[in-house]
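Structural description and commentary
One-letter residues, chain by chain:
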Amino acid sequence: MSKHYLTPLFAPKSVAVFGASDRVDAVGQIVFHNMLESGFQGALYPVNSRVAEVQGQRAYAAISDIEGGVELAVIATPPQTVPGIIEDCGRHGVKAAVIITAGFGEIGPEGKELERQVLDKARAHGIRLVGPNCLGVMRPGIGLNATFNHGGANTGNLALVSQSGALCTAILDWAQVNDVGFSSVVSMGSSADVDFGEILDYLVSDPKTHSILMYIEGIRESRRFMSSLRAAARVKPVILIKVGRHEAGSKAAMSHTASLVGSDDAFDAAVRRAGVVRVQTVTQLFSAAKALSCGFHPSGNRLAIVTNGGGPGVMATDCASDLGLQMAELSEATITRLNEVLPPNWSHGNPVDVIGDAQADRYQHAVAACLEDPNVDGVLTILTPQAMTKPLAAAEVVIELANQYNKPLLTCWMGESQVAESRRLFAHAKKPNFRTPEPAVEVFSYLSDYYQNQKLLMQMPGPLSHHLEPDVEGARMVIEGALQDKRRVLSEMESKAVLSAFHIPVAQTMIARSPNEALLIAQQLGFPVAMKVNSRDITHKSDAGGVMLNLTNAQAVRAAYHEITENIKRNRPGSHVDGISIQPMIVKKNGRELMVGVIRDPVFGPVITFGAGGTTVEVMGDASVALPPLNVFLARDLISRTQVSKLLKAFRHMPPADVEALESVLLRVSEMVCELPMLAEMDINPLIVDERGVLAADARIVVEFRQPSADRYSHMAIYPYPTHLVSHWQLADGTDITIRPIRPEDAELVQDFVRNLSEQTRYFRFMNSVQELSQAMLVRFTQIDYSREMALVAVTEQHGREVELGVARFAINPDGESCEFALVIADNMRGKGLGQKLMNGLMDAARSKGMKVMQGEVLKNNADMLHLMERMEFEIVTSEEDDSIKSVQKML
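Residues numbered from 1 in each chain as written. Predicted model: local features only at pLDDT ≥ 70, side-chain atom pairs only at ≥ 80, totals over all residues. Heavy atoms only, no water.

**With respect to helix H18 (residues 492-501)**
Definition in use: Note on classification: 1.4 Å probe, protein chains only; a residue is buried when its accessible area is under 20% of the maximum for its type, exposed when over 50%, partly exposed between these limits. Labels follow the DSSP assignment, with helices taken as runs of H or I lasting at least four residues and strands as runs of E lasting at least two, numbered in each case from the N terminus.
Burial analysis of H18 places seven of its 10 residues in the buried class, the great majority of the element. Two residues or fewer after H18 comes His-503, characterised by a positive phi angle close to 60°.

Written out as structure tokens, the structure is:
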């Protein structure tokens, strides 16, 4: 396999520093000094036309004077010089550059023009750029410190990627004192070229990086960001800080949903769905990273606390409740076990107060009992130095227990001088230790979030969730009709028609354009009725005096028509009114008023929201947010994160609501989002649910024209499971085969397939003697991002279970126009046409992504594969890098 295209940035064999000098505190002086001090293991060239020598090293007037090749350029010269330097670098064969210099897009039009020139020249020569206006890049393991930070960094396994150079310097300073090391440090700066997604792509395959820390101010390409973030989080813990949590959105709200959901809500939903942990402070960033790197296997949010002081235990419990954690309910067996080893006056519950005179053995028994309780997901052990306490001995037994169990075990040794040695012991053993209970509880909450978010990451919903397919074309016709009339807001009737097309139950509604017509409709529908103004210009109908409810007779209907009309003239003059809508008064004795909505976030695209409904929706502010597509698991998670979810259960005289019907509506809304790219905003408010089902009493939809795209889901940040690629085929012998995109739950299927391949077939596929796939490889092969790669598996059913017969896959190359493929067929399936069938399906999928070229590598002694490539008219040539490999390529 070829090297990653960012290898010249992260592992260069030679570096040229433009602007290197001896002038004290000049950026170029600091950068070159750092490169020398860090002991860079490759060739290092200072470029400065004004001097013959820089810091004792020969200086070069221009890069063309350097005889050897240069892989990475670091530029710290005035902004006006940078376009010319990039041109010179391109002619010299440089493939990566770090532009530390400021003065580009961030300063206005003149800087933007300069930045455009730099990008044009870089793209012409295939140079990838980090920056401009950045701190630089570090790889401590190879002595690369191409930054103007005062000092270097310890070597470690954490990667730090930050949009803020200033925060980078603060973190690096903090890390030195706290013995934290890094595999990479990347300051992104303006991210004019290389962005977060591409950096993550490199780090996910970097063996020196075990965890990834990120500081984010804003996202430019949401699809690439989400794709890379999800790929990284499947293999390595990713912890991030995102600032600007309380920034008000600038978009004018046209619906309840838009006023409820801000950009940070969408970002939070995105990172949860990506399997990532989000924290708020730098200390939390490293605390969460340390905890996740300890080998813990978090499995829930039920916390047990073991303490020798009641006060600290209560403090920890309060913090847990504030964070939404569940205090574990100890099992009867655990209570009995603790009764046998603890004094009679112990707390007999959680927190487990082992009393102030507790010695190490009491801690050992109590902590072990909690760790072995199936009702406990993690334990926080607190010690306060009291007269009889032996902090060091207690620390030793807790460390021993931490090594024996996979459940999170966090420690809080409170105080200072009496526990200092214990803290050093915890640090040496690399066990998370805290000075006060609250930070420890916070870290457990992050471990719990990681577990929950990883489950969200594993979900791969398709665009359609029901067997009863929606009338997508009918819904599109309604929307296109409004757009042809130059209207963005659908009427209530049109909105309900779109809902009906997706099988969402709606209240029967008719439009009256006179008082007499209103009376006739009311009599036809049956009293009591509700009447509402029908206007595309009025979002909050109640506020405008446009709603009258529970009208029980003809006189009330006539009067309501006149009153609504007068109210609108007075409160909303100039609004376009198309009659009054009339519907039966929905009387649901046990009904709960909810709201389901959609907005289009400017970064992440469509977002689904759920919460309490009715006229007080903005005041209550009870809403949760999720990125589509949804499945039942994700819909239940969306519901559970609201206060109104508690009202869906049985209470007092009310039976439990039909939650399955509510979930079905959320899934139908997800289908609408997937299949209707022109849907910009939507409110279903109220959506009334009781024990018998759901009914959409009112709805409002805002649409927006979108240029049709070859990628049917280009409007979404997360690509749905591509059900349209599922096909069925039959072999000549009658064997039924399903060809479908791979899924995360196929890990065991894929492992069995690889194990059953012959040694030669495995060698032909992996070009080494792999016997079975590692866990990381299984994740990589089965948890794919359908927006930039595809794997089609051929399966058949044998003895009631699926068996894999072959797989073909491609991954899109960085150029966005070509892709690299791989194919492997079970040994007993050769010569049956399955390989060609899979390749044809794979090429069709690649074409639908806009790919122009499909390429791959085949060992020259893999005769069967080469024959297949010939039959399929692939061009075959000997690889320039290795004559034992044939390079194959086909124009699509």
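Now that the structure has been shown, the text picks up again.
**Some remarks on the pairing of strand S15 (residues 302-307)**
Looking along a regular strand, one sees the side chains alternate between the two faces of the sheet. Our working definition: A strand pair is defined by DSSP finding two or more bridges across the two strands. If you view a crossover with the strands going away from you and the path from the first strand over the helix to the second runs clockwise, you call it right-handed.
Burial within S15 is extensive, with five of its six residues counted as buried. With two bridges joining them, S15 and strand S16 (residues 326-327) adopt parallel strand pairing. Note that in S16 the partner of Leu-303 across the bridge is Met-327. Handedness of the β-α-β unit built from S15, helix H11 (residues 310-322) and S16 comes out right-handed. In the sheet, S15 pairs with strand S18 (residues 378-383) via five bridges, with the strands oriented parallel. Residue pairing for S18: Ala-304 is matched across the bridge by Val-379. In this structure, S15 lies alongside strand S17 (residues 352-353), joined through two bridges in parallel fashion. Note on S17: the bridge partner recorded for Thr-307 is Asp-353.

**Comments concerning the sheet that holds strand S2 (residues 43-47)**
We apply this condition: Note on geometry: axes are lines fitted to C-alpha atoms, helical ones only across the stretch in contact, with angles between N-to-C directions running from 0 to 180 degrees. Any two residues having at least one pair of non-hydrogen atoms within 4.5 Å are treated as being in contact.
The strand order across the open sheet built from five strands is S2-S1-S5-S6-S7, with neighbouring strands paired in parallel fashion. Each end of this open sheet is capped by a strand with a single partner; those strands are S2 and strand S7 (128-130). When strand polarity is set aside, the average angle formed by the axes of neighbouring strands in this sheet is 20°. Two elements, strand S6 (residues 96-99) and S7, share three bridges in a ladder whose sense is parallel. Counterpart to Ala-97 in the pairing with S7 is Leu-129. Packing of helix H2 (residues 27-37) onto the sheet brings it into contact with strand S1 (14-18), S2 and strand S5 (72-75), and relative to S2 it is tilted by some 160°.

**Brief notes about the packing of aromatic side chains**
The line we're drawing: Here the aromatic set is Phe, Tyr and Trp, taking the six-membered ring for Trp, and pairing holds for ring centres within 6.5 Å; pairs whose planes are under 30 degrees apart are stacked, those over 60 apart are edge-to-face, and all others are tilted.
Enumeration according to the criterion identifies 13 aromatic pairs in this entry. Considering the side-chain rings of Phe-182 and Phe-286, the 6.2 Å spacing of their centres and the 80° angle between planes classify their relative orientation as edge-to-face. One end of the pair, Phe-182, is in strand S11 (residues 181-187); the other, Phe-286, is in helix H10 (residues 282-292), with 104 residues separating them in the sequence. Phe-286 matches Phe-182 in its accessibility class, with the two residues each being buried.

**A word on the sheet that holds strand S12 (residues 211-216)**
As summarised here, the arrangement of the seven strands in space is S9-S8-S11-S10-S12-S13-S14, forming an open sheet in which the pairing is mixed. Edge positions in the sheet fall to strand S9 (144-147) and strand S14 (277-279), since each has one partner strand and no second. Pairs of neighbouring strands in the sheet enclose a mean axial angle of 25°, with direction left out of account. Where strand S8 (residues 136-139) meets S9, four bridges bridge the pair, whose relative direction is antiparallel. Across the sheet, the residue bridging to Arg-139 is Leu-144, located in S9. Of the strands in this sheet, S12 and strand S13 (238-242) are in contact with helix H7 (residues 222-233), which crosses S12 at around 150°.

**Some points on the side chain of Ser-670**
Note on placement: Ser-670 falls in helix H23 (residues 659-675). Here Ser-670 falls in the buried class, since its relative accessible area comes to 1%.

**Quick look at the nonpolar core**
Threshold: Buried residues of nine kinds, namely Ala, Val, Leu, Ile, Met, Phe, Trp, Tyr and Cys, make up a nonpolar core once their side-chain atoms join them within 4.5 Å.
Counting 60 residues, the largest nonpolar core has Ile-199, Met-214 and Phe-225 as the members making the most contacts within it. If we skip the residues at most four places from it in the chain, Phe-225 touches Phe-196, Met-214, Ile-216, Ile-219, Phe-267 and Phe-604. Core analysis: the second largest hydrophobic core is formed by 56 residues, Ile-742, Leu-749, Leu-773 and Leu-792 among them.

**Regarding the pattern of salt bridges**
Selection rule: Salt bridges are defined by distance alone: a side-chain nitrogen of Lys or Arg within 4 Å of a carboxyl oxygen of Asp or Glu.
All chains considered together, the criterion is met by 46 salt bridges. Where Glu-802 meets Arg-740, a salt bridge forms, and the shortest distance between an N and an O atom there is 2.9 Å. In this pair, Glu-802 is assigned in strand S34 (residues 801-812) and Arg-740 in strand S32 (residues 736-741), connecting sequence segments 62 residues apart. Across the pair Arg-830 and Asp-827 runs a salt bridge, and its minimum N-O distance is 3.5 Å. The partly exposed category is assigned to Asp-827, whose relative accessible area is 28%. In this structure, a network of salt bridges that share partners links the residues Glu-492, Lys-496, Lys-532, Lys-541 and Asp-698.

**Focus: helix H22 (residues 632-640)**
Along an α-helix, a turn takes 3.6 residues, which lines up residues three or four apart on a common side. Definition in use: We call two N or O atoms a polar contact when they sit within 3.5 Å, provided that within protein one can donate a hydrogen and the other can accept it, with sequence-adjacent residues counted only if both atoms are side-chain atoms.
Buried residues of H22: Leu-634, Ala-635, Asp-637, Leu-638 and Ile-639, and no others. Lining the buried residues of H22 we find helix H9 (263-273), helix H16 (437-457), strand S26 (605-612), strand S27 (623-626) and H23. At the N-terminal end of H22, a side-chain oxygen is found 3.2 Å from the backbone nitrogen of Phe-633, two or three residues along, and the residue is Asn-631.

**A look at a negative patch on the surface**
Rule in force here: Like charges within 9 Å and nonpolar side chains (Val, Leu, Ile, Met, Phe, Trp, Tyr) within 5 Å are joined into patches, using only residues over 30% in relative accessible area that form no salt bridge. The accessible surface values rely on the Shrake-Rupley method and a 1.4 Å probe; as for residues, cover is taken only from the protein chains in view. Charge counting follows a simple rule: Lys and Arg are positive, Asp and Glu are negative, and His as well as the terminal groups are ignored. Where a charge lies is defined by one atom per residue type: Lys uses NZ, Arg uses CZ, Asp uses CG and Glu uses CD.
A surface patch of negative charge is lined by Glu-857, Glu-880, Glu-881, Asp-882 and Asp-883. Along the chain, Asp-883 falls in the loop between strand S37 (875-878) and strand S38 (885-891).

**Re the pairing of strand S22 (residues 529-533)**
Within S22, five of the five residues are buried, leaving the element largely enclosed by the surrounding structure. Neither face of S22 is open: one carries Val-529, Met-531 and Val-533, the other Ala-530 and Lys-532, and all of them are buried. Bridge count between S22 and strand S23 (residues 547-551): three bridges; the pairing is antiparallel. Residue Val-529 lies in a different strand from S23, and its bridge partner there is Leu-551. Note that S22 and strand S24 (residues 580-584) share five bridges and pair antiparallel. The residue bridging Ala-530 from the neighbouring strand is Gln-583, located in S24.

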